[in-house]
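Spelled out, the chains give:
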Amino acid sequence: MSTELLYLSNADIQDLQITPREAREAVLGAFRDNASGRNVGLPKSFITIGPSSWFISMSSASEGDGIATVKCVAIVPVEGTQTRPIVNGLVCVSDYKTGVPIAVLDGNSITLIRTAAMSAAAAIYLAPEAPATIGLIGCGLQAFSHLDAFVDLFPSLRRIYLFSRNVRSAERIAAAASEKQLDPIIAHNPDPLLSESEIVVSMVPSSPGLKPFLDARSLPSSAFASAVDGGRSWRPETLTAFDRIITDSLEQDTSPADASGNYVEGVRFQDDLVHLASGSSRPRVPIRAFFGFRGLGIADLALAGLALRKARAFGVGTILPR
């Protein structure tokens, strides 16, 4: 049994400087492998411990990549502790052939990178070809990673709309967008953002009493919405305004989720990223497309594998005894 374990902290993963392109290609490769049976990812397992609070586990394995991963995530909002992340996780990596644990990675940073990479991967197949405008609903850490991912994917972007209940958060994203040569506009309600944005990313955290407030009918006729929040911020009765409703894995989810975490009645996902990545082409006519997802373990496996390869090449991380 190995006596060493590589630990990659949040700072270590930042030092690896994983580019949006590297992350996107890793995620697409994982979904293509899943379509061809070269990796396995189980649906999420949830333990509910209170309102908007869960312990979650996600397991994946790839013989080709030589690793298996388990990501453990806790989502526990605690009133009065706004400086502490409400989402905390670790990714544990084992050798595929021996089962020996070989690494532990900070799950928060891996999740930020892989989630934005998944949004961008879906946008390759579903978004307008050369969008000029993007809107971000929610301006937390995910907004930074999505800004990086979409600016890299679409150099055509010129203007960004921002909507957040925290104005300071929106201002921070606005400053980051300006550095990327985008014209930022902080919206005081979501309606102008929706009507002007060819790409919309909703990243609204779960909270007691949350009421959906986004109207899909306000979007342009050619638009792509990535619901990182699974769909909880979108008014369920308006989802039929989308021409295509897609998820990451139909094995994991059949319908978008509402603000209570329940499946939306009468609306079903029509396809998934597993199938799209296996060779599906872009739509030939302008459409409104919705990508609602909760994340699949094979994306974490892909990012963990990428991070480990770069860490070994650059000598990044801390060796811990077992």
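Provided above is the structure to which this section pertains.
What you see is a predicted model, and the numbers here were worked out from it, not measured in a lab.

## Some remarks on the overall build of the chain
No. 1: Along the chain, the regular secondary structure elements total 8 helices and 16 strands.
No. 2: Whereas a compact globule of 322 residues would reach a radius of gyration of roughly 20 Å, the chain reaches 19 Å, a difference of no more than 12%.
No. 3: By its C-alpha atoms, the chain is 60 × 45 × 40 Å across when sized along the principal axes.
No. 4: Looking at the chain residue by residue over its 322 residues, the buried ones come to 52%.
No. 5: A separation threshold of at least 6 residues defines the contact pool for the chain, and within that pool the share at least 24 residues apart is 71%.
No. 6: Just so you have it, the chain exposes about 14700 Å², and 52% of that area is on carbon and sulfur atoms.
No. 7: Taking the average location of the 29 positive side-chain charges in the chain and that of its 32 negative ones, the two points are 0 Å from each other.

## Quick look at the pairing of strand S3 (residues 45-50)
No. 1: Note: S3 against strand S4 (residues 53-62), 5 bridges, orientation antiparallel. Looking at S4, one finds that Ile 47 is bridged to Phe 55.
No. 2: Between S3 and the antiparallel strand that follows it, S4, lie 2 residues; Ser 52 among them carries a positive phi value of about 60 degrees.

## A few points about the nonpolar core
No. 1: Core analysis: the largest hydrophobic core is formed by 72 residues, its most contacted members being Leu 8, Phe 31, Leu 105, Leu 136, Phe 150 and Phe 224.
No. 2: Among all residues touching Phe 224, those that are not within four sequence positions of it are Ser 119, Ala 122, Ala 123, Leu 126, Ala 127, Pro 128, Phe 150, Glu 198, Ile 199, Val 200, Ala 289 and Phe 291.
No. 3: In this structure, Ile 137, Val 204, Trp 234 and Ala 259 belong to the second largest nonpolar core, which totals 25 residues.

## Structural notes on the sheet that holds strand S14 (residues 271-272)
No. 1: Strand order in the open sheet formed by 8 strands is S10-S9-S8-S11-S12-S15-S13-S14, with parallel pairing between adjacent strands. Pairing within the sheet leaves two strands with one partner each, and these edge strands are strand S10 (183-186) and S14.
No. 2: Across 3 bridges, the pairing between strand S13 (residues 244-247) and strand S15 (residues 288-292) is parallel. Counterpart to Arg 244 in the pairing with S15 is Ala 289.
No. 3: Docked against the sheet, helix H4 (residues 141-153) engages strand S8 (133-137), strand S9 (159-163), strand S11 (199-202) and strand S12 (223-227), running at close to 155 degrees with respect to S11.
No. 4: In this fold helix H5 (residues 167-179) packs onto S8, S9 and S10, with an angle of close to 165 degrees to the strand it touches most, S10.

Cut-offs used in this document
- Going along each chain's sequence as written, the residues are numbered from 1 onward.
- Local features are withheld for residues below a pLDDT of 70 in this predicted model, meaning they are given only at 70 or higher, and side-chain atom pairs are given and counted only at 80 or more; totals for whole chains, interfaces and linings count all residues.
- Hydrogens and waters are ignored; side-chain quantities use all the structure's heavy atoms.
- A run of DSSP states H or I qualifies as a helix once it reaches four residues; a run of E qualifies as a strand once it reaches two. Both are numbered from the N-terminal end.
- Computation of the radius of gyration draws on C-alpha atoms alone. For the globule rule, the value is 2.2 Å times the number of residues to the power 0.38.
- Here the term buried applies to any residue with accessible area under 20% of the maximum for its type, exposed to any over 50%, and partly exposed to those in between, with areas from a 1.4 Å probe on protein chains only.
- Contact criterion: two residues are considered in contact whenever any of their non-hydrogen atoms come within 4.5 Å of each other.
- Areas reported as accessible are Shrake-Rupley estimates using a 1.4 Å probe. Residue values count occlusion only from the protein chains shown.
- We score Asp and Glu as negative and Lys and Arg as positive, and we do not count His or the chain ends.
- By convention, charge coordinates are those of NZ in Lys, CZ in Arg, CG in Asp, or CD in Glu.
- By the convention used here, strands pair only if DSSP detects at least 2 bridges between them.
- Among buried residues, those of type Ala, Val, Leu, Ile, Met, Phe, Trp, Tyr and Cys that are joined through side-chain atoms within 4.5 Å constitute a nonpolar core.
- Angular values range over 0 to 180 degrees, each being the angle between N-to-C directions of two axes fitted as lines to C-alpha atoms, with helices fitted over their stretch in contact.

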